Amino acid sequence: SSGINAEYGVVDIDQTVVDVCRKFIPEMAVSFDNPKVNLIIGDAKKFLLNEPDDSYNAVLLDLTDFPTTDSSGTLLDREMFAEIRRVLVDGGVLSQQDYSPYSNNERWVRSCEIFKSATLNICYGYVPVPSFPNGAIGITFGRVNKNGQPSV
């Protein structure tokens, strides 16, 4: 045992996503039944609005393409990122599946601007994924520095 006492919240607006995972990728979906996982079917923004300040060490966003769909559009705006910053502890981390600056520079720049609006220090990773249309996926990380200015 690592000695780490961790709990995980998973929020999805659509029960069908969970059901499809259980049916087609049960080896991954088994994590939904882990006693340390709190699975919530509902709106993530509404969920965060009710969470106390400084209550999370990390928030991971794995959303549909930003910001072109109705289901993810309100999760990828300045208000949502301000809420994420509020619930993250100082030094907490936000990770978001993101665009590649090489394949969609305009959306990637917008994503970075939203991260900076929440005064998150940003770094970016680019991971080869052959099954993706452009052969890779971008991941943007933001670290909360509650006493400082954002940087890239």
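Every value quoted in this text rests on a predicted model; they were computed, and no experiment measured them. (Residues numbered from 1 in each chain as written. Predicted model: local features only at pLDDT ≥ 70, side-chain atom pairs only at ≥ 80, totals over all residues. Heavy atoms only, no water.)

Caption draft 1: Layout of a nonpolar patch on the surface. On the surface, V20, F24, I25 and M28 cluster together to form a nonpolar patch covering roughly 400 Å² of accessible area. Within the secondary structure, V20 is located in helix α1 (residues 15–24). Of the residues examined, V20 reaches a relative accessible area of 42% and is grouped as partly exposed. (Patch = residues over 30% accessible without salt bridge, like charges linked within 9 Å, V, L, I, M, F, W, Y side chains within 5 Å. Areas by Shrake-Rupley, 256 points an atom, 1.4 Å probe, with all protein chains shown as cover. Salt bridge = Lys/Arg side-chain N within 4 Å of Asp/Glu carboxyl O. Helix = DSSP H or I, 4+ residues; strand = E, 2+ residues; numbered from the N terminus. Buried < 20%, exposed > 50% of the residue type's maximum accessible area, 1.4 Å probe, protein only.)

Caption draft 2: Up close: the pairing of strand β6 (residues 136–144). Pairing of strand β4 (residues 88–98) with β6 involves 6 bridges; the strand directions are antiparallel. Directly across from S95, in β6, lies its bridge partner F141. Relative to β6, strand β5 (residues 120–128) is paired through 9 bridges, and the arrangement is antiparallel. The residue bridging N121 from the neighbouring strand is R143, located in β6. (Pairing = 2+ DSSP bridges.)

Caption draft 3: Just the packing of aromatic side chains, in detail. Inspection of the entire model under this criterion finds 1 aromatic pair. Centroid distance F81 to F115: 5.0 Å. Interplanar angle 65 degrees. Geometry classified as edge-to-face. In this pair, F81 sits in helix α5 (residues 78–87) while F115 sits in helix α6 (residues 105–117), placing the two residues 34 residues apart along the sequence. (Phe/Tyr/Trp six-rings, centres within 6.5 Å; stacked < 30°, edge-to-face > 60°.)

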